[in-house]
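So the chains spell out like this:
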Amino acid sequence: EKIAHKKKSIAPARRPPPPRCAAIYRIIALFCRQTKPRIDYRMKHIIVSNNNPTKEELIRLIGLKTLFARQLPKMPRDYIVRLVFDRRHTSLCLLEDNGKKNGDEDIIGGICYRAYPDMKFAEIAFCAVSGNHQVKGYGTKLMNLVKGYVATQGIEYFITYADNYAIGYFKKQGFSKSIAMPKTRYQGLIKDYDGGTPMECYIHPNLDYTRIPEMIAAQRDFILEQVRKKSKSHVRYPPLQNSAADMNATSVHGHVVSSRNSEAAARAMAIPGVMEAGWTMADLQLATGAQKDADRQRNHLKSELLAIIRKTEEQQFAWPFREPVDTQEVPDYLTVIKNPIDLSTIEKQILKGDH
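Residues numbered from 1 in each chain as written. Predicted model: local features only at pLDDT ≥ 70, side-chain atom pairs only at ≥ 80, totals over all residues. Heavy atoms only, no water.

Draft legend 1. Main features of the overall build of the chain. Across its full length, the chain holds 14 helices and eight strands. Expressed as a percentage of its 355 residues, the buried residues of the chain come to 28%. Sequence separation of at least 24 residues holds for 62% of the intrachain contacts in the chain that already meet a minimum separation of 6. (Helix = DSSP H or I, 4+ residues; strand = E, 2+ residues; numbered from the N terminus. Buried < 20%, exposed > 50% of the residue type's maximum accessible area, 1.4 Å probe, protein only. Contact = heavy atoms within 4.5 Å.)

Draft legend 2. Molecular detail of the layout of surface pockets. Taken as a whole, the second largest pocket holds about 220 Å³ of empty space. Considering the residues around the second largest pocket, the lining is formed by 14 residues, among which Tyr 79, Leu 83, His 89, Arg 114 and Glu 123 are closest to the centre. Listed by contribution, the elements that provide at least two residues to the lining of the second largest pocket are helix H4 (77-84), strand E3 (107-116) and strand E4 (121-129). With three residues, H4 is the largest single contributor of residues to the lining of the second largest pocket. Looking at the lining of the second largest pocket, its residues break down into seven nonpolar, one polar and six charged. (1 Å grid on protein atoms, 1.4 Å probe; cavity = no way out; pocket = protein on both sides within 12 Å on 5 of 7 lines; lining within 4 Å. Points joined across faces, edges and corners; volume = space filled by probe spheres on them. Nonpolar A, V, L, I, M, F, W, Y, C, P; charged D, E, K, R; others polar.)

Draft legend 3. How the structure looks around the pattern of salt bridges. Going through the model one piece at a time under the given rule, you end up with five salt bridges. For Arg 211, the salt bridge goes to Glu 214, with nearest N and O atoms at 3.4 Å. (Salt bridge = Lys/Arg side-chain N within 4 Å of Asp/Glu carboxyl O.)

Draft legend 4. Layout of the packing of helix H3 (residues 55-71) against H4. Here H3 crosses H4 at 145°, and the two axes come no closer than 10 Å. The chirality of how H3 crosses H4 is right-handed. Seen from H3, the contacting residues are Leu 61, Lys 65, Phe 68 and Ala 69; seen from H4, they are Arg 77, Ile 80, Val 81 and Val 84. Looking at the contact of H3 with H4 residue by residue, the class counts come to six nonpolar, no polar and two charged. (Axes fitted to C-alpha atoms, helices over the stretch in contact; angles between N-to-C directions. Left-handed = near helix turned anticlockwise from the far one by under 90°.)

Draft legend 5. Looking closely at the sheet that holds E3. Pairing within the open sheet is mixed, and its six strands lie in the order E1-E2-E3-E4-E5-E6. On the outer flanks of this sheet lie strand E1 (45-49) and strand E6 (197-202), each paired with one strand and no other. With strand direction ignored, the average angle separating the axes of adjacent strands in the sheet is 25°. In this sheet, E3 lies alongside strand E2 (residues 89-95) in antiparallel orientation, the contact comprising seven bridges. Counted as the bridge partner of Cys 93 is Gly 110 from E3. Contacting E2, E3 and E4, H4 runs over the sheet at an angle of about 125° to E4. (Pairing = 2+ DSSP bridges.)

Draft legend 6. Here's a closer look at the nonpolar core. Among the nonpolar cores identified, the biggest contains 26 residues, and Tyr 113, Ile 124, Phe 158, Phe 170 and Phe 175 are the most heavily contacted of them. The set of elements that each furnish at least two residues to this core consists of E2, E3, E4, helix H5 (138-152), strand E5 (157-162), helix H6 (167-172) and E6. The element best represented in this core is H5, accounting for seven residues. For Phe 175, the residues in contact, after removing those within four places along its chain, are Ile 124, Met 143, Lys 147, Phe 158, Thr 160, Phe 170, Met 199, Glu 200 and Cys 201. Ile 46, Phe 68, Ala 69 and Cys 112 belong to the second largest nonpolar core, which has 17 residues in total. (Core = buried A, V, L, I, M, F, W, Y, C linked by side-chain atoms within 4.5 Å.)

Draft legend 7. A look at the environment of Glu 263. With respect to the element layout, Glu 263 can be found in helix H10 (residues 260-269). Among the residues examined, Glu 263 registers a relative accessible area of 31% and is labelled partly exposed. Sequence separation of Glu 263 and Gln 285 is 22 residues, and the distance between their C-alpha atoms is 9.2 Å.

Have a look at this one:
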């Protein structure tokens, strides 16, 4: 034992990755964070009803109460205990299959709700996932398991009051802020919570919520297959037969190259299909560097002129010149002023490019 302990104590520390591989490790870590693991819907879960619960179910309820108290610190502890152990509430526990039996350490998450069978809706009281299991898809699995279970009990709607931190989660699970259920069905049965947003979700009776990821994947594959039938993005075409020497020729399709601008246009004209598409040397020369420089200078001049005009319009004594003179108010204006002009007309001419 001493020798083994000594060897263990002098074991070399793990060497950090070389700096050259740091970028690769970061990319791999980013990929691992973006690709969430597939959640197996056959994982262990248990539906706990408070009507004559067994010893194991009581242990699960205690663990669920601890989880809610830890993940929902703003919720009063006595309120959590009263609802979790209330006989009218039902809870679903998601368990981690780690070999432990009858323990509360293996609870990943849980939902506590109260069903109103006569009105065919249920109110979610608490929903939480353990901190070290969040952002892994367990919240979606948990909600889908509950939806699948209540659908067999004749429940048509889920309703809950979500705080600002939970609204995004419930939206992803199909909840909406617009309540479609008639108000007479839930009025007087659930109470309003200050600072909470009422949200509702319709439970489809013929939908298997535990197979939603498989159905979405099948629909995605079907859509991609239909797109491949119409699209040609997967077709690889052979390279162009013209060599670089042919592209740099001084005469292309009868057009003599005389300048760098014309040379670039001639190289573009030499590409098979450009001439057949209706392009001409004049069109290509307009799209080359010299024309782009001229357009850039023209746009710069336009922006400078517009800045001057707008600065002039802001002056205190510019008000008589901002708009054209109304000839109905001054009938003889055009007889005196042969070429009338004003700041708004100048601005319009600049915008049109008539400057």
